[in-house]
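Residue-level structure breakdown
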Amino acid sequence: MSETSDRIIRRLEPWALEDLAVFITVMNAAVWVLSLIKPEFPALLALRPDLLMAGQFWRAVTFLFVPPALSPFWMFFWFYLLFVYARALEQEWGHARFNLFYGLGALSLLCASLSLGVGLSNMPLNAALFLAFAAVYPDFELLVFFILPVKVKWLAAIAWAGIALNFLMGDGRSRLAVLAGLLNYAVFFGADHWRSLRAFWRRRNR
């Protein structure tokens, strides 16, 4: 990121939430547990532009804590990965920078939802967390199916392929949702990727 961005982050430091990664994970887990007791509970928290504009302002924040609908086994695995990705980035970047990354992603999804007039989940933001983790720790290994070790950069490549396919095959609303989900990633990593691409292109054309 630029020096201007670094100055902004320094100004945000006194206001940054500490241990945001822990808070995000715990809140997602709490919503999941409550959904087991009251299945309709996540619907009360989801991002719905019509209900948000009708006065249910909490949805602008609570949609961040609605986990995916998975079986209990995979939910525990998902919570573990969410915590690992988010905590590692927070420790690497510091509280303020991580707050900015997560907050920018949440705000872009909220704006996209309001402009489209449709509800959006927090999954694009969680995907951006994973892609950011893969960019910072490309050689980190995960045990796929708890057996096969795979470096996270290859899993990120698969994720990028899926995102590209969704963008190319989707309609205008789907494309805007994809772009909104990647805005924070583009702000944090776009310049580095562009420099790497230019360097690769120069080497190819020597």
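Before reading further, recall that the structure is shown in the block above.
**Here we look at unusual backbone geometry**
- Even without being glycine, Asp19 reaches a positive phi, approximately 55°.
- Positionally, Asp19 belongs in the loop between α1 (3–12) and α2 (20–37).

**A word on the pattern of salt bridges**
- Tallying each qualifying case throughout the model produces 5 salt bridges.
- A salt bridge links Arg87 to Glu90, with the nearest nitrogen and oxygen atoms 3.6 Å apart. Separated by 3 residues within a single helix, Arg87 and Glu90 lie in helix α5 (residues 72–93), roughly one turn from each other.
- Measuring nitrogen to oxygen at the nearest pair gives 3.5 Å for the salt bridge that ties Asp139 to Lys153.

**Examining the nonpolar core**
- The biggest cluster of nonpolar side chains holds 50 residues, and the ones touching the most others in it are Trp93, Phe98 and Phe101.
- Those elements giving two or more residues to this core turn out to be α2, α5, α6 (95–116), α7 (123–136), α8 (152–169) and α9 (172–204).
- Considering each element in turn, this core owes the most residues, 11 residues, to α5.

**Re the packing of α2 against α5**
- Between α2 and α5, whose axes approach to 8 Å, the crossing angle comes to 165°. Taken together, the axes of α2 and α5 are roughly antiparallel relative to one another. When you trace α2 past α5, the crossing you get is right-handed. Counting all contacts with α2, which are made through Leu20, Ala21, Val22, Ile24, Thr25, Asn28, Ala29 and Trp32, the residues of α5 involved are Pro72, Met75, Phe76, Trp78, Phe79, Leu82, Phe83, Ala86, Arg87 and Glu90.
- Among the residues forming the contact of α2 with α5, the class breakdown is 14 nonpolar, 2 polar and 2 charged.

**Thoughts on the packing of α5 against α7**
- Look at α5 against α7: their axes get within 10 Å of each other, and the N-to-C directions meet at 55°. Regarding the angle of α5 to α7, the classification is oblique. At the point where α5 passes α7, the crossing takes the left-handed sense. From α5, Trp78, Leu82, Val84, Tyr85, Ala88, Leu89, Glu92 and Trp93 reach across to α7, where they touch Met123, Asn126, Leu129, Phe130, Ala132, Phe133 and Val136.
- Here the contact of α5 with α7 is composed, by residue class, of 13 nonpolar, 1 polar and 1 charged.

**A word on the packing of aromatic side chains**
- Scanning all chains against the criterion turns up 17 aromatic pairs.
- Between Phe73 and Trp74, the aromatic rings sit 5.1 Å apart at their centres with planes inclined by 80°, giving edge-to-face as the arrangement.
- We classify Trp74 as partly exposed; its relative accessible area is 37%.
- Considering the side-chain rings of Trp93 and Phe188, the 5.1 Å spacing of their centres and the 35° angle between planes classify their relative orientation as tilted. Note that Trp93 is positioned in helix α5 and Phe188 in helix α9, a separation of 95 residues in sequence.
- For Trp93, a relative accessible area of 18% translates into the label buried.
- Phe188 sits in the buried class, given a relative accessible area of 6%.
- Ring pairing ties together the aromatic residues Trp93, Phe101, Trp160, Tyr185, Phe188 and Phe189, which thus form one cluster.

What counts, and at which threshold
- Residues numbered from 1 in each chain as written.
- Predicted model: local features only at pLDDT ≥ 70, side-chain atom pairs only at ≥ 80, totals over all residues.
- Heavy atoms only, no water.
- Helix = DSSP H or I, 4+ residues; strand = E, 2+ residues; numbered from the N terminus.
- Salt bridge = Lys/Arg side-chain N within 4 Å of Asp/Glu carboxyl O.
- Core = buried A, V, L, I, M, F, W, Y, C linked by side-chain atoms within 4.5 Å.
- Buried < 20%, exposed > 50% of the residue type's maximum accessible area, 1.4 Å probe, protein only.
- Axes fitted to C-alpha atoms, helices over the stretch in contact; angles between N-to-C directions.
- Parallel < 35°, antiparallel > 145°, perpendicular 65-115°, else oblique.
- Left-handed = near helix turned anticlockwise from the far one by under 90°.
- Contact = heavy atoms within 4.5 Å.
- Nonpolar A, V, L, I, M, F, W, Y, C, P; charged D, E, K, R; others polar.
- Phe/Tyr/Trp six-rings, centres within 6.5 Å; stacked < 30°, edge-to-face > 60°.

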